[in-house]
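# Observations on the three-dimensional arrangement
The primary structure of each chain is shown beneath.
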Amino acid sequence: MRFLSLALCALGALVVLGAAQAQPTPIEHFVRYNKVDTPVVSPNGRRIAMVSEADGLRIVLVLSRDGEAPRAVNADAVNPESLFWANDDVLVIRASMERDRNYDDDFFTETTMFAFDLQNGELRELFDLGADAPRSNGNAANVRGRDPETGRLAVQMADRLYSIDPNNGRYRSMDRTMQPVFSYTLGPDGQALTRANYSQFERRYWLEVRTDEYWETVIDREESVIRQAVYGLLTGTDDEIVASERPFSGTRRLFTISATTGEPLRTLYQHPDFDFRSVEVDPFTNLVVGVQILEDLRRTEWFDPDLAAIQASLEAAIPDASITLESWSQDRSEFTLAAWRMDQPVEYYFYDSNDGSLGRLGSALPELQASGLTSRVAITFPARDGTAIPAYLTLSAGEGPWPLVVLPHGGPASRDVGGYDMFAHFIADRGYLVVQPNFRGSSGLGGEWERAGWGGWGRGVMQHDVSDSVSALVRSGYARADSACILGASYGGYVALSAATFTPDLFQCAMAIAPVSDLWTIVDDGACCGLTSTRSRDFARMLTGSMEQSSRREARHISPMAHADQVRIPLLIAHGLEDSVVPVEQSEFMEDALSAAGIPFTMVWMESADHHFDTVEARREVLTLIEDFLSEHLPVD
């Protein structure tokens, strides 16, 4: 991998050619809902549905290829995330909703489904389990497949599998078992094919495959955490089940196992540098047909030769972008596709293979595409121990050096990727250089990279990798000396608080959004029962680098709240009151500690914001906070 001094050489021409920006792009262009999002074609290919925007509201829009008038429904209250067609007349909307638990003051996020019936124009929740529904962050939209004969959907909720009629929402159980099933797959007949089980108390994993009369166990082993994922039957075979496992070394590998013995058969795909993003399953056959990879941009490797041929022809037609097939008709003659570019919002197209026509559906954010975005490029820079740290650099207009904003991602088991980024592009538009390090501990770059960060919170390697981006960019001449601010949300907010407390001389200001400030309160949540859940064991490994639970002293040693008196720079903390991921108490802990120490700071409670800033109002509020804070404490001029 190239180090920063080499990787940045190619950027010189971009900087010299960049023209000084006269006026900043209006904030509304960054915060508005996507004009075109997740377009999907109906099974018969005659309708195209998409999430869109009208008068500041999110809508679901259905276009006809047969001359019918467009149909639309107001979906603003349900926060639509994606769409799929249950049949030619029923469109299903996957949506995430913040719900009140009723018995306390907290919210929980539920992913659920709504049905838009094109015959009567009705929008309704697809099904309701009533008292059986979960009351914590849960997924009621986990569609495992469909029955090709009846069109019924198979939906998994917790350890149960339900068959749902999309026309009326009536449901029934598909598999009556008391086993701790965490994942089902379906066969081509629409019936359950595999069920993967995990006992947290026994630390036991076992995989069962359905035979004609009963379930047969093909894998049974001890596991401290769940390592295997199963996806279904591979296209073109009748006995190869596609699976993957968390890698001890290298990147995540996709392989097949025998449906009768559970023994590994062959490797299907393994990228040398990146874990794959997702597995592509044909919605009409329940067969595994491809794998999506997230390098700098998304792309797909197809196991199905017909889909591979379509992909190749579209890549030739749109050579300046990375192309992904988003949906296809049942006969695979019509497709929707996405074009991903490093310096533009995603753009969508419709392709009809019957006549070879390729039509543009539109850009997700047409105003930003028209005005142009600053360049965003992949780089590496050297950490203090010589390790090459991958990162993304978003340049500002004109020539550097620029004031620097360090923008660490959340997770921490996550990663920043290429393409449009609301925060990075907005901040760069305001005159700043933005760096987003994929520090050790980030996911998606192989098991060794993620494990290298375990035990490195706050004062260790995960924090050092973020800090070292400052000196590397100053040495390269792209960032101004003594002109850096750190800004992050969620785990990134923890990084920002840690920078303000543990390395206050490195940055001129810090902004923490929905941060974690007291790690002991998170560790202590499971202290009554020890490390009995996969989640608690995963957290212990990230925090300590082992399967041992942190002590109070160890957790407080790397908790910013316990060291609030060390803050010496301007600090802003912001937290959405509808956050269902990081409790607002985490910001309250830091607020109380700073106040007790007599440290000046700014605390902002955002009434309408959740963890992900899903509304225009929340995005506008947080970007305005960022702009005002930076202009006061890290002026461009």
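Details of the structure are given in the entry above.
In this report, the structure presented in the accompanying data block is examined. (Residues numbered from 1 in each chain as written. Predicted model: local features only at pLDDT ≥ 70, side-chain atom pairs only at ≥ 80, totals over all residues. Heavy atoms only, no water.)

Moving on: the packing of aromatic side chains. This structure, assessed with the given rule, holds twelve aromatic pairs. Ring geometry for tryptophan 302 versus tryptophan 328: centroids 5.8 Å apart, planes at 75 degrees, classification edge-to-face. Within this pair, whereas tryptophan 302 is found in strand S24 (residues 298–302), its partner tryptophan 328 is found in strand S25 (residues 322–328), the two being separated by 26 residues in sequence. Residues tryptophan 302 and tryptophan 328 agree in their burial class; the two are buried. Ring pairing ties together the aromatic residues Phe439, Trp457, Tyr491 and Tyr494, which thus form one cluster. The ring centre of tryptophan 206 lies 3.7 Å from the NZ or CZ of arginine 204, which sits over that ring. (Phe/Tyr/Trp six-rings, centres within 6.5 Å; stacked < 30°, edge-to-face > 60°. Helix = DSSP H or I, 4+ residues; strand = E, 2+ residues; numbered from the N terminus. Buried < 20%, exposed > 50% of the residue type's maximum accessible area, 1.4 Å probe, protein only. Lys NZ or Arg CZ within 6 Å of the ring centre and 35° of its normal.)

The next subject is the packing of helix H8 (residues 461–476) against helix H9 (residues 491–502). It is the contact of H8 with H9, at a shortest axis distance of 11 Å, that shows an interaxial angle of 75 degrees. The orientation of H8 relative to H9 falls into the category roughly perpendicular. Mapping the contact onto sequence places Met462, Gln463 and Val466 in H8 and Tyr491, Val495, Ser498 and Ala499 in H9. Class assignment of the residues belonging to the contact of H8 with H9 gives a composition of five nonpolar, two polar and no charged. (Axes fitted to C-alpha atoms, helices over the stretch in contact; angles between N-to-C directions. Parallel < 35°, antiparallel > 145°, perpendicular 65-115°, else oblique. Contact = heavy atoms within 4.5 Å. Nonpolar A, V, L, I, M, F, W, Y, C, P; charged D, E, K, R; others polar.)

Here we come to the nonpolar core. If you look at the biggest cluster of nonpolar residues, it comprises 56 residues, and the most contacted ones within it are Leu404, Leu433 and Ile486. If you tally residues by element for this core, the top one is H9, at seven residues. In this view, leucine 404 contacts Leu433, Val435, Val470, Leu473, Ala479, Ser483, Ala484, Cys485 and Leu634; residues no more than four positions away in its chain are not counted. Ranked by size, the runner-up nonpolar core spans 37 residues in total, among them Tyr432, Cys485, Ile626 and Phe629. (Core = buried A, V, L, I, M, F, W, Y, C linked by side-chain atoms within 4.5 Å.)

With that settled, consider the sheet that holds S25. Across the sheet, which stays open at both edges, the four strands sit in the order S25-S26-S27-S28 with antiparallel pairing between neighbours. The open sheet has two edge strands, S25 and strand S28 (357–363), and neither has a second partner. Taking each pair of neighbouring strands and ignoring which way they run, the sheet shows an average axis angle of 25 degrees. Two strands pair when backbone bridges link them, and strand S27 (residues 344–352) and S28 are joined in this way by six bridges, in the antiparallel orientation. Among the inter-strand pairings, tyrosine 348 is bridged to a residue of S28, identified as glycine 362. Contacts between helix H4 (residues 305–317) and the sheet are confined to S25, strand S26 (334–341), S27 and S28, with S25 contributing the most and set at about 130 degrees to the helix. (Pairing = 2+ DSSP bridges.)

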